[in-house]
Number of protein chains: 2
Amino acid sequence: MQPIVECCAPLAEEPIAQVDADQLAGWFRVLGDPARLRLLSLIASKGEACAACDLVEPVGISQPTVSHHLKVLYEAGLVEREKRGRWVYYRPVPERLAILSRAIGSPGA
Amino acid sequence: MQPIVECCAPLAEEPIAQVDADQLAGWFRVLGDPARLRLLSLIASKGEACAACDLVEPVGISQPTVSHHLKVLYEAGLVEREKRGRWVYYRPVPERLAILSRAIGSPGA
DNA sequence: CGTATATATAGACACCCGTCAATACACACT
DNA sequence: AGTGTGTATTGACGGGTGTCTATATATACG
């Protein structure tokens with residue numbers, strides 16, 4: 001995960017560079033799956049969530065698939081993980097999400 | 001295109017419903033491609049853009065591929081089209097983009 | 001009408017992705 | 001140490017997607 005703190009001015013501000021487009025598109029693609037969106041929403045609305053405890057049953061997909069999606073979210077830097085005993089807890093990374101929100105945010109409207 | 005004006009409370013507010021997840025994920029998937037992101041950025045930063053005039057050359061992909069991406073953006077309701085003479089002009093749809101921005105917006109951060 | 005240009009479509013190809021069952025791994029608790 | 005449970009990985013399958021070339025359609029201009 002790159003140390004990107006400031007990235008990608010709003011799309012409407014200036015034509016986005018290829019590099020930034022790749023970066024942003026990667027994040028959006030991660031959000032482009034209903035299962036991941038529901039997982040992220042579950043995590044965010046609880047503030048923190050454990051995979052088996054809070055996530056597998058509600059989304060209604062198999063445990064390996066949940067694990068896969070959580071990995072994708074994690075590697076995109078949209079959630080962070082903390083292992084506590086036998087369980088792994090996930091929390092959202094608001095800074096990352098803010099980058100995306102700001103990129104498509106319409107200051108001209 | 002459905003008449004969705006109000007949709008999808010912020011992800012962190014409450015666990016998102018399956019239907020909303022499908023809807024949102026569809027829009028994010030559209031943004032999940034660098035070429036489409038660059039096209040949208042070019043359109044948005046100019047306020048309006050014509051495919052051949054302003055888009056084909058800057059993004060560096062073939063005309064049919066540009067046409068395809070514009071169709072995807074259009075059918076997602078992220079841009080609107082207007083045919084003027086031989087040309088087709090595209091404009092962003094800020095309300096749609098605002099929905100996405102608000103969905104991932106972090107009120108808790 | 002014919003030609004030139006802007007746009008869209010068709011078809012093909014390679015590649016990526018979501019899902020699952022099966023299995024492996026990690027960690028606590030007795 | 002052994003067992004049970006949470007988590008991750010593997011391998012496979014089906015479907016979707018981005019890209020291209022070639023071609024078709026539409027519109028303006030002479």
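For the structure, check the block above.
No experiment lies behind these values; they were computed from the predicted model shown. (Residues numbered from 1 in each chain as written. Chains lettered and ligands numbered in written order. Predicted model: local features only at pLDDT ≥ 70, side-chain atom pairs only at ≥ 80, totals over all residues. Heavy atoms only, no water.)

1. What about the sheet that holds strand β1 (residues 49–50) of chain A?
Through backbone hydrogen bonds, the strands of a sheet pair up, either in parallel or in antiparallel fashion. Residues and elements named next belong to chain A. In space, the three strands of this open sheet follow the order β1-β3-β2, with antiparallel pairing throughout. Each edge of the open sheet is held by one strand with a lone partner, namely β1 and β2 (79–84). Relative to the sheet, helix α4 (residues 63–75) contacts β2 and β3 (87–92), its axis offset from that of β2 by approximately 120°. (Pairing = 2+ DSSP bridges. Helix = DSSP H or I, 4+ residues; strand = E, 2+ residues; numbered from the N terminus. Contact = heavy atoms within 4.5 Å. Axes fitted to C-alpha atoms, helices over the stretch in contact; angles between N-to-C directions.)

2. Overview of the interface of chain A and chain B
Buried accessible area, meaning the area lost when the parts come together, often serves as the stated size of an interface. At the interface, 33 residues of chain A touch 33 residues of chain B. When chain A packs against chain B, the two sides together hide about 2,700 Å² of surface, and 69% of this comes from carbon and sulfur. Area buried by chain A at its contact with chain B is led by A:L37, A:R38 and A:I104, which between them contribute 19% of it. Along the contact surface separating chain A from chain B lie zero salt bridges. When contributions to the side of chain A that touches chain B are tallied by element, the ones reaching two or more residues are α1 (18–31), α2 (34–46) and α5 (94–104) of chain A. (Buried area = accessible area lost by both parts, 1.4 Å probe. Salt bridge = Lys/Arg side-chain N within 4 Å of Asp/Glu carboxyl O.)

3. Side note on the sheet that holds strand β2 (residues 79–84) of chain B
Residues and elements named next belong to chain B. Ordered by their spatial adjacency, three strands build an open sheet running β1-β3-β2, and the pairing between neighbours is antiparallel. The sheet is open, and its two borders are formed by β1 (49–50) and β2, each paired with just one other strand. The sheet contact formed by β2 and strand β3 (residues 87–92) spans six bridges and is antiparallel. Bridging from a neighbouring strand, R84 pairs with W87 of β3. In the packing of helix α4 (residues 63–75) onto the sheet, contacts are made with β2 and β3, and the angle to β2 comes to roughly 120°.

4. What about the protein's contact with DNA strand C?
Neighbouring DNA strand C are 24 residues, the closest being A:R36, A:H69, B:A52, B:R81 and B:V88. Considering the 4 Å shell around the protein, atoms of DNA strand C inside it are sugar or phosphate in 72% of instances. Here a phosphate oxygen of DNA strand C sits 2.6 Å away from a polar atom, N or O, in the side chain of A:R36. One nitrogen or oxygen atom from the side chain of B:S67 is found 3.0 Å from a phosphate oxygen belonging to DNA strand C. Within the residue set of the surface near DNA strand C, elements represented by two or more residues are α2 and α4 of chain A together with α3 (51–59), α4 and β3 of chain B. Class assignment for the residues of the surface near DNA strand C results in ten nonpolar, seven polar and seven charged. (Near = heavy atom within 4 Å. Polar contact = N/O pair within 3.5 Å; in protein donor to acceptor, adjacent residues only side chain to side chain. Nonpolar A, V, L, I, M, F, W, Y, C, P; charged D, E, K, R; others polar.)

5. Overview of the environment of A:Q23
Tracing the backbone through its elements, the reader meets A:Q23 in helix α1. A sequence separation of 15 residues divides A:Q23 from A:C8, and the C-alpha atoms of the two residues are 8.7 Å apart.

6. Observations concerning the state of the cysteines
All names here are of chain A. The tally for this structure, following the rule as stated, stands at four disulfides over all chains. Paired by a disulfide, C50 and C53 hold their sulfur atoms 2.1 Å apart. Every disulfide takes its handedness from the sign of the S-S torsion; for C50 and C53 that torsion is 60°, giving right-handed. Taking relative accessible area as the criterion, C50 reaches 1% and is therefore assigned buried. (Disulfide = S-S within 2.5 Å. Buried < 20%, exposed > 50% of the residue type's maximum accessible area, 1.4 Å probe, protein only.)

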